[in-house]
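A look at the structure
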Amino acid sequence: MCRPLVQAHPAERGRAWPVPRGDEVACGIEPPTTPDGPAWGGPALGPKLLRRTLLLAGVATGLPALARIRDLGEAINKAGAQRMLSQRMAKAWLGLALPDIEGRAHKILDASRQRFDQQLAELRAFAPTPEIASTYEQLGKQAAVLKQRLDELPVTPARVNAVIPLAGEVLKLAHQATGQLEKRSDAASAKLINLAGRQRMLSQRLAMLYLAEEHGVDRALIRTEMGVARNDFRAAMRVLQSAPETTPEIQANLQLAASQWIFLDAALGGTSHGQRAASESFLASENLLAVMETVTGQYARLLA
């Protein structure tokens, strides 16, 4: 029997805006952490140890502890992460209106903003053409507008109606940049990185739309967008599972992702509403994101 990765906490609901079709990437989630590491386990460092490691790295080299993108696979992976983070930031901001998960939402929002800024700097430094550099310049400006809106509280219907389309604009530009990077490789794995990353973005977009619906956003619009995103997620899973490049190790993680998708899909399609339903969708989207983070990284290493 499938079980959630972690214990449920109350969550939240989201809202919609048209997403670029063919949006084939979104990766680089910031997992919920404990002092000893990520909530679901794994090799990532906990915040205290991570800060110390980065500090020591800076001292040892005499340079700022800023990561360098090593290859195109990693670049596509991180480029896709920006799209996911545009939706995750908006989702977390919406979660601030739910008392049961307000604290967790604050942590996710802060971590997502920091990751977005760090990866934007890395992608700007990596940009192999003036065209891609220009896209990232535009992305930085649009993201600054979104982040300014995310500082505005409390969460109200009027503010939600301003934040959701702004998150869509950031997503659109991040999508454009990711596509530009993917086109620099003819390898099938480049497209799979993009597609796997997109699954992560969709997990966050769906939860964001669900939460926004609770704030009075046009229900018909949200339900239409959610229907498109759910169908896209299912179709992409079939492509990933049947791709010749998908190794047994990746296949195993795709099976885990499929089990987590069952929980998210059920939460989104349920007839119940309110904080408990919102909590379930919020948690399920985080769990699915965590698994697809691993999968996208596995595809990225194939290209490397």
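Residues numbered from 1 in each chain as written. Predicted model: local features only at pLDDT ≥ 70, side-chain atom pairs only at ≥ 80, totals over all residues. Heavy atoms only, no water.

Attention now goes to the overall build of the chain. Within the chain one finds nine helices and two strands. Along the chain, helices (α) and strands (β) appear in the sequence β-β-α-α-α-α-α-α-α-α-α when read from the amino end. With 304 residues in all, the chain has 52% of them scored as buried. Of the accessible surface of the chain, which amounts to about 13300 Å², a share of 55% is contributed by carbon and sulfur atoms. (Helix = DSSP H or I, 4+ residues; strand = E, 2+ residues; numbered from the N terminus. Buried < 20%, exposed > 50% of the residue type's maximum accessible area, 1.4 Å probe, protein only. Areas by Shrake-Rupley, 256 points an atom, 1.4 Å probe, with all protein chains shown as cover.)

As a further point, take the packing of helix 6 (residues 188-213) against helix 9 (residues 275-303). Closest axis-to-axis distance for the helix 6/helix 9 pair is 8 Å, and the angle between their directions is 170 degrees. On the basis of the axis angle, helix 6 is roughly antiparallel to helix 9. (Axes fitted to C-alpha atoms, helices over the stretch in contact; angles between N-to-C directions. Parallel < 35°, antiparallel > 145°, perpendicular 65-115°, else oblique.)

Turning our attention to the nonpolar core. Leu94, Tyr136, Leu181 and Tyr299 are the most contacted members of the largest nonpolar core, which totals 78 residues. Sorting the residues of this core by element identifies helix 2 (72-95), helix 3 (102-126), helix 4 (130-150), helix 5 (157-182), helix 6, helix 7 (219-242), helix 8 (248-269) and helix 9 as the ones contributing at least two each. With 13 residues, the top contributor of residues to this core is helix 6. (Core = buried A, V, L, I, M, F, W, Y, C linked by side-chain atoms within 4.5 Å.)

Attention now moves to the pattern of salt bridges. Counted according to the given criterion, the structure contains 19 salt bridges. The salt bridge involving Lys78 is made with Glu74; its shortest N-O contact spans 3.2 Å. Taken together, the positions of Lys78 and Glu74, both in helix 2 and four residues apart, correspond to about one turn of that helix. Of the charged contacts in the structure, one is a salt bridge between Asp151 and Arg113, with a shortest N-O distance of 2.9 Å. (Salt bridge = Lys/Arg side-chain N within 4 Å of Asp/Glu carboxyl O.)

Attention now goes to the packing of aromatic side chains. All told, the structure shown has one aromatic pair when counted by the stated rule. An angle of 20 degrees between the planes, with centres 4.3 Å apart, marks the rings of Phe233 and Trp261 as stacked. One end of the pair, Phe233, is in helix 7; the other, Trp261, is in helix 8, with 28 residues separating them in the sequence. Taking relative accessible area as the criterion, Phe233 reaches 1% and is therefore assigned buried. One Lys or Arg, Lys91, reaches over the ring of Phe282 and ends 4.3 Å from the middle of that ring. (Phe/Tyr/Trp six-rings, centres within 6.5 Å; stacked < 30°, edge-to-face > 60°. Lys NZ or Arg CZ within 6 Å of the ring centre and 35° of its normal.)

What follows concerns the environment of Ala236. Mapping Ala236 onto the fold places it in helix 7. In contact with Ala236, other than residues within four places in its own chain, are Leu195 and Gln199. (Contact = heavy atoms within 4.5 Å.)

The pLDDT averaged across the chain works out to 82; a share of 77% of its residues lies at or above 70. Throughout residues 1-64 the model reports pLDDT below 50, and contacts reaching past four residues in sequence, or to other chains, amount to 197 contacts. (pLDDT = per-residue confidence, 0-100.)

End to end, helix 7 covers 35 Å across 24 residues, agreeing with the expected 34 Å (1.5 Å per residue, within 8%). Within the sequence span of helix 7, burial applies to Ile222, Glu225, Met226, Ala229, Arg230, Asp232, Phe233, Ala236, Met237 and Leu240. Of the surrounding secondary structure, the elements contacted by the buried residues of helix 7 are helix 6, helix 8 and helix 9. Residue Asp218 occupies the N-cap position of helix 7, its side-chain oxygen lying 3.0 Å from the main-chain nitrogen of Ala220. (Expected span 1.5 Å × (residues − 1). Polar contact = N/O pair within 3.5 Å; in protein donor to acceptor, adjacent residues only side chain to side chain.)

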